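Tertiary structure, described
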Amino acid sequence: MAKNSAAPASNDVPSEGTVLNGVPVGGAGGKGRATPTRAEQEAARKRPLVPDTKEAKARARAELQTQREKARVGMAAGDPKYLPARDQGPQRKFVRDYVDAGWHLGEAVMPAMVVVILATFIPVPEVQYYSFVALWIFIIFVVGDMVLTSINAKRAVKAKFGADKVEKGLGWYAAMRTVQMRFLRLPKPQVKRGQRPV
């Protein structure tokens with residue numbers, strides 16, 4: 001019977017692990033490694049590019065803290081880049097400077113309340129009663145000062161920017177700033193007392 005010339009001899013097929021010209025050949029797959037399963041491929045895709053180490057977390061926390069401190073300093077200094085929306089704009093800055101340039105009764109509300117609280121510990125009914133009465137009378141004057149400051153601040157804004165360009169809410173913005181103690185205001189005052197903005 002004639003030998004079929006098309007069929008290769010069994011010893012012509014390279015066995016697994018054979019190296020030819022420095023390149024491994026042979027084997028069933030020809031790659032020298034098993035094909036990864038779908039689950040292994042998805043797990044490899046979900047693996048973070050940056051290793052989740054303690055050093056990386058500490059570095060990220062330090063960077064976040066630096067950014068927050070920078071934003072806090074920028075807001076206190078009145079840097080427009082770090083101001084919230086309610087403090088943005090030249091008219092709001094003008095109103096802040098207008099309020100910060102004057103003296104306001106509202107700055108003494110918190111100290112007055114502390115005095116009244118201390119007065120309640122005095123075991124004299126008259127002292128307690130009149131301290132509360134004095135506080136309410138003082139608050140009435142504070143509200144009057146808030147209203148006057150609101151009106152005057154809006155009038156000053158109209159004179160500087162034009163009556164048809166006044167933003168809404170400037171009066172309330174000015175009034176609420178008067179009841180904050182000067183060293184607690186944010187953004188921090190940029191003018192001295194008596195230094196009215198022009």
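Look up a bit, the structure's there.
An account of the accompanying structure is given in this report. (Residues numbered from 1 in each chain as written. Predicted model: local features only at pLDDT ≥ 70, side-chain atom pairs only at ≥ 80, totals over all residues. Heavy atoms only, no water.)

Quick notes on the overall build of the protein
Across its full length, the protein carries six helices and two strands. Secondary structure elements of the protein, listed N to C terminal, follow the sequence β-β-α-α-α-α-α-α. Across the 198 residues of the protein, 24% fall into the buried class. Here the contacts in the protein between residues at least 6 apart in sequence split such that 67% fall between residues at least 24 apart. Summed over its atoms, the accessible surface of the protein is roughly 14,900 Å², and 63% of this surface lies on carbon and sulfur atoms. (Helix = DSSP H or I, 4+ residues; strand = E, 2+ residues; numbered from the N terminus. Buried < 20%, exposed > 50% of the residue type's maximum accessible area, 1.4 Å probe, protein only. Contact = heavy atoms within 4.5 Å. Areas by Shrake-Rupley, 256 points an atom, 1.4 Å probe, with all protein chains shown as cover.)

So, helix 5 (residues 125–161)
If you check helix 5, its first and last C-alpha atoms are 54 Å apart, about what 37 residues at 1.5 Å a residue would give, namely 54 Å. Those residues of helix 5 not exposed but buried are Ser131, Leu135, Val142, Asp145, Met146, Thr149, Ser150, Ala153, Ala156 and Val157. Just past helix 5, the residue Gly162 takes up positive phi, approximately 100°. (Expected span 1.5 Å × (residues − 1).)

Let's talk about the side chain of Asp145
Counting through the fold element by element, Asp145 comes out in helix 5. Excluding its chain neighbours within four sequence positions, the residues that come into contact with Asp145 are His104, Leu105 and Gly106.

A few points about the nonpolar core
Core analysis: the biggest nonpolar cluster contains 10 residues, these being Phe94, Val95, Tyr98, Val99, Ala153, Ala156, Val157, Leu170, Tyr173 and Ala174. Of all elements in the fold, only helix 3 (90–100), helix 5 and helix 6 (170–178) reach the threshold of two or more residues within this core. Top contributing element to this core by residue count: helix 3, with four residues. (Core = buried A, V, L, I, M, F, W, Y, C linked by side-chain atoms within 4.5 Å.)

As for a nonpolar patch on the surface
A surface patch of nonpolar side chains, about 620 Å² in accessible area, is lined by Leu105, Tyr129, Tyr130, Val133, Ile137 and Phe141. Relative to the elements of secondary structure, Tyr130 occurs in helix 5. (Patch = residues over 30% accessible without salt bridge, like charges linked within 9 Å, V, L, I, M, F, W, Y side chains within 5 Å. Salt bridge = Lys/Arg side-chain N within 4 Å of Asp/Glu carboxyl O.)

A short note on the packing of aromatic side chains
For any pair of aromatic rings, the description consists of the separation of the ring centres together with the inter-plane angle of the planes. Tallying each qualifying case throughout the model produces two aromatic pairs. Between Phe94 and Phe161, the ring centres sit 5.9 Å apart and the planes meet at 90°, which makes this aromatic pair edge-to-face. One end of the pair, Phe94, is in helix 3; the other, Phe161, is in helix 5, and 67 residues separate them in sequence. Judged by relative accessible area, Phe94 falls into the buried class, the value being 7%. (Phe/Tyr/Trp six-rings, centres within 6.5 Å; stacked < 30°, edge-to-face > 60°.)

Some points on the environment of Trp103
By the element assignment, Trp103 lies in the loop between helix 3 and helix 4 (109–119). Exposure remark for Trp103: the relative accessible area of 70% places this residue in the exposed category. For the pair Trp103 and Arg182, spaced 79 residues apart in the sequence, the C-alpha separation amounts to 9.5 Å.

Observations concerning unusual backbone geometry
Across the junction of Leu186 and Pro187, the peptide omega takes the value -10°, indicating a cis bond. With respect to the element layout, Pro187 can be found in the segment after helix 6.

Quick notes on the pattern of salt bridges
This model, assessed by the stated rule, comprises eight salt bridges. The salt bridge partner of Glu69 is Arg72, with a shortest N-O separation of 2.7 Å. Taken together, the residues span about one helical turn, with Glu69 and Arg72 both in helix 2 (residues 54–76) at a distance of three residues. Taking the shortest distance from any N to any O, the salt bridge between Asp100 and Arg185 comes out at 2.7 Å. One end of the pair, Asp100, is in helix 3; the other, Arg185, is in the segment after helix 6, and 85 residues separate them in sequence. Taking the relative accessible area as the measure of exposure, Asp100 reaches 1% and is therefore buried. Three or more residues are tied together by salt bridges with common partners; here these are Asp100, Glu107, Arg177, Arg185 and Arg193.

Remarks on the side chain of Arg177
Tracing the sequence through the fold places Arg177 in helix 6. With a relative accessible area of 4%, Arg177 lands in the buried category. Reaching out from Arg177, the side chain makes a polar contact with the backbone oxygen of Pro187 at a distance of 2.6 Å. (Polar contact = N/O pair within 3.5 Å; in protein donor to acceptor, adjacent residues only side chain to side chain.)

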